[in-house]
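# Structure assessment
What follows is each chain in one-letter form.
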Amino acid sequence: MAFSAASRITNLRRHLDSPQVSINVKVAPEVSEALSLGRAVLALESTIISHGMPYPQNLETAKEVEAIVRQNGAVPATVAILDGTPCVGLSVEELEKLATLGTKARKTARRDIAHVVASGGNGATTVSATMLLASMVQIPVFVTGGIGGVHRDGEQTMDISSDLTELGRTPVAVFCAGVKSILDIPRTLEYLETQGVCVAGYKTNEFPAFFTESSGCKVSCQLDSPEECARLIEANSKLRLGTGIVIAVPIPREHSASGHIIESAIQKALQEAREQNITGNAATPFLLARINDLTGGASLASNIALVKNNAIVGAKVAAALAQLRKREHCQK
Ligand SMILES: O=c1[nH]cc([C@@H]2O[C@H](COP(=O)(O)O)[C@@H](O)[C@H]2O)c(=O)[nH]1
């Protein structure tokens, strides 16, 4: 059925009814058009480009992930702050800029957004900042590699990623491969439960541990198809719960790293971080880089593979959600 003018207006209204943001958010023309037509859009974060992977693999991966999203039926919208302007949807040149800036771009979580904008800086958005900006322009689905969590010894340090509180307050579904075992996985799940966040497993009832398929911890529900994921996201939205959703997709078995090799690299990296007193938002990038060195690059290869796999699932879900909304609109 042709997409009617009425449903175009509904989408536009959904777009405009969001709380008014008076700061300029630059939405790429392709993303803006897809949103106003009710087509599938998938948000992507940018800290993974600047701080999560070295150049040039970061740029290659970012471009390949965007291509995968398109092949699976959605328009990619990578989020970042460039020269003080929050951007949703980046051109190839903008992706290149971010990839070459690397860690010179500011790692930007929710708390950092205002300062990066005010100072005209370049910010690579973490999960928390990406969720917030995606939600401002009404993008309901977002893909990343791994979310932040409660750090080991978090009960003493109180080092808890703002990704978890953002999930408690922003209605965006985040696809990830779980959280790395550099973090305290059981406490991360406890914290998400406290925040009222639904944590679903994609084709599994176990929460994955990023490099490996299992963590020994159960999820709160299992979803077995893109359509099931779309129905959950739609119910969360219609209920106006206001909370995000985590949908955890296990790393494909053929790419899952040997558990004990990774675990011993993690232990060594954690020890080094303690010795060098690396804490706060510097901890995750330091640990990721050291684990990659210690595993001779194996962890980076696994990381790239799981991000691509998450992008396939996330794009299919964004497409299924757009279909579902279109069908429901036509039935009205
Ligand atoms: O495996 C990864 N986990 C997490 C990150 C990034 O680190 C952020 C969390 O950082 P922190 O722990 O400082 O909140 C995430 O939102 C994400 O952007 C990453 O690149 N790779």
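Residues numbered from 1 in each chain as written. Predicted model: local features only at pLDDT ≥ 70, side-chain atom pairs only at ≥ 80, totals over all residues. Heavy atoms only, no water.

### Description of the overall build of the protein
Counting secondary structure elements, the protein contains 14 helices and 11 strands. Taking 332 residues into account, the globule formula puts the C-alpha radius of gyration at 20 Å, and the protein, at 19 Å, falls close to it. Viewed in the frame of its principal axes, the protein has a C-alpha envelope of about 60 × 45 × 35 Å. For the protein, with 332 residues in total, the buried portion stands at 55%. In the protein, once contacts between residues fewer than 6 apart in sequence are set aside, the share between residues at least 24 apart is 74%. Here the protein has roughly 14600 Å² of accessible surface; of this, 52% comes from carbon and sulfur atoms. (Helix = DSSP H or I, 4+ residues; strand = E, 2+ residues; numbered from the N terminus. Rg over C-alpha atoms; globule rule 2.2 N^0.38 Å. Buried < 20%, exposed > 50% of the residue type's maximum accessible area, 1.4 Å probe, protein only. Contact = heavy atoms within 4.5 Å. Areas by Shrake-Rupley, 256 points an atom, 1.4 Å probe, with all protein chains shown as cover.)

### Here we look at the site of the ligand
The ligand sits among 16 residues. The nearest are Glu45, Lys107, Ser161, Asp163 and Lys180. Measuring from an oxygen atom of the ligand, one finds a side-chain N or O atom of Lys107 at 2.8 Å. Residue Ser161 places a side-chain N or O atom 2.7 Å away from an oxygen atom belonging to the ligand. Every element with two or more residues in the shell around the ligand is listed here: helix 3 (47-50) and helix 13 (283-294). Of the residues that constitute the shell around the ligand, the class distribution is four nonpolar, eight polar and four charged. (Near = heavy atom within 4 Å. Polar contact = N/O pair within 3.5 Å; in protein donor to acceptor, adjacent residues only side chain to side chain. Nonpolar A, V, L, I, M, F, W, Y, C, P; charged D, E, K, R; others polar.)

### As for the confidence of the model for the protein
Residues at a pLDDT of 70 or more form 92% of the protein, whose mean pLDDT is 92. Note on the complex model: pTM 0.91, ipTM 0.97. (pLDDT = per-residue confidence, 0-100.)

### Focus on the packing of helix 4 (residues 57-71) against helix 5 (residues 92-101)
When two helices pack together, their arrangement is captured by the angle between the axes and the distance separating the axes. Running from N to C, helix 4 and helix 5 cross one another at 145°; their axes reach a closest spacing of 9 Å. Regarding helix 4 and helix 5, the two cross each other, and that crossing is right-handed. Contacts between helix 4 and helix 5 pair Asn58, Leu59, Ala62, Lys63 and Glu66 from the former with Val92, Leu95, Glu96 and Ala99 from the latter. Residue composition of the contact of helix 4 with helix 5, grouped by class: five nonpolar, one polar and three charged. (Axes fitted to C-alpha atoms, helices over the stretch in contact; angles between N-to-C directions. Left-handed = near helix turned anticlockwise from the far one by under 90°.)

### Considerations on the nonpolar core
One finds Val31, Ile139, Ile147, Phe175, Leu192, Phe207 and Val246 to be the most contacted residues of the largest nonpolar core, which totals 99 residues. With 13 residues, helix 14 (residues 298-331) is the largest single contributor of residues to this core. With six residues, the next largest nonpolar core counts Ile113, Val116, Ala129 and Leu132 among its residues. (Core = buried A, V, L, I, M, F, W, Y, C linked by side-chain atoms within 4.5 Å.)

### Focus on helix 5
Those residues of helix 5 that fall on the buried side of the exposure criterion are Glu94, Leu95, Leu98 and Ala99. The arc enclosing the buried residues of helix 5, seen along the axis, measures out at 135°, which places them on a common side. For helix 5, the elements touching its buried residues are strand 1 (26-27), helix 3, helix 4 and strand 3 (75-82). Phi turns positive one or two residues past the end of helix 5, at Gly102, with a value near 50°. (Arc of directions from axis to C-beta.)

### Looking at the packing of aromatic side chains
Enumeration over the complete set of coordinates arrives at one aromatic pair. Where Phe210 meets Phe211, the ring centres are 4.9 Å apart and the plane angle is 85°; that geometry is what we call edge-to-face. The exposure class assigned to Phe211 is buried, which follows from its relative accessible area of 4%. Note that Lys180 overlies the ring of Phe210, its terminal NZ or CZ placed 3.6 Å from the centroid. (Phe/Tyr/Trp six-rings, centres within 6.5 Å; stacked < 30°, edge-to-face > 60°. Lys NZ or Arg CZ within 6 Å of the ring centre and 35° of its normal.)

### Remarks on the side chain of Glu166
Looking at where Glu166 falls in the secondary structure, it is placed in helix 9 (residues 162-167). Engagement of the side chain of Glu166 in a polar contact is seen with the side chain of Arg110, the distance being 2.6 Å.

### Re the pattern of salt bridges
By the definition in use, this model includes 16 salt bridges. Between Arg111 and Asp112 there is a salt bridge, and its shortest N-O distance comes to 2.8 Å. Its relative accessible area of 66% is what places Arg111 among the exposed residues. The exposure class of Asp112 is buried, given its relative accessible area of 4%. Linked through salt bridges whose partners overlap, the residues forming this network are Lys268, Glu272, Arg290 and Asp293. (Salt bridge = Lys/Arg side-chain N within 4 Å of Asp/Glu carboxyl O.)

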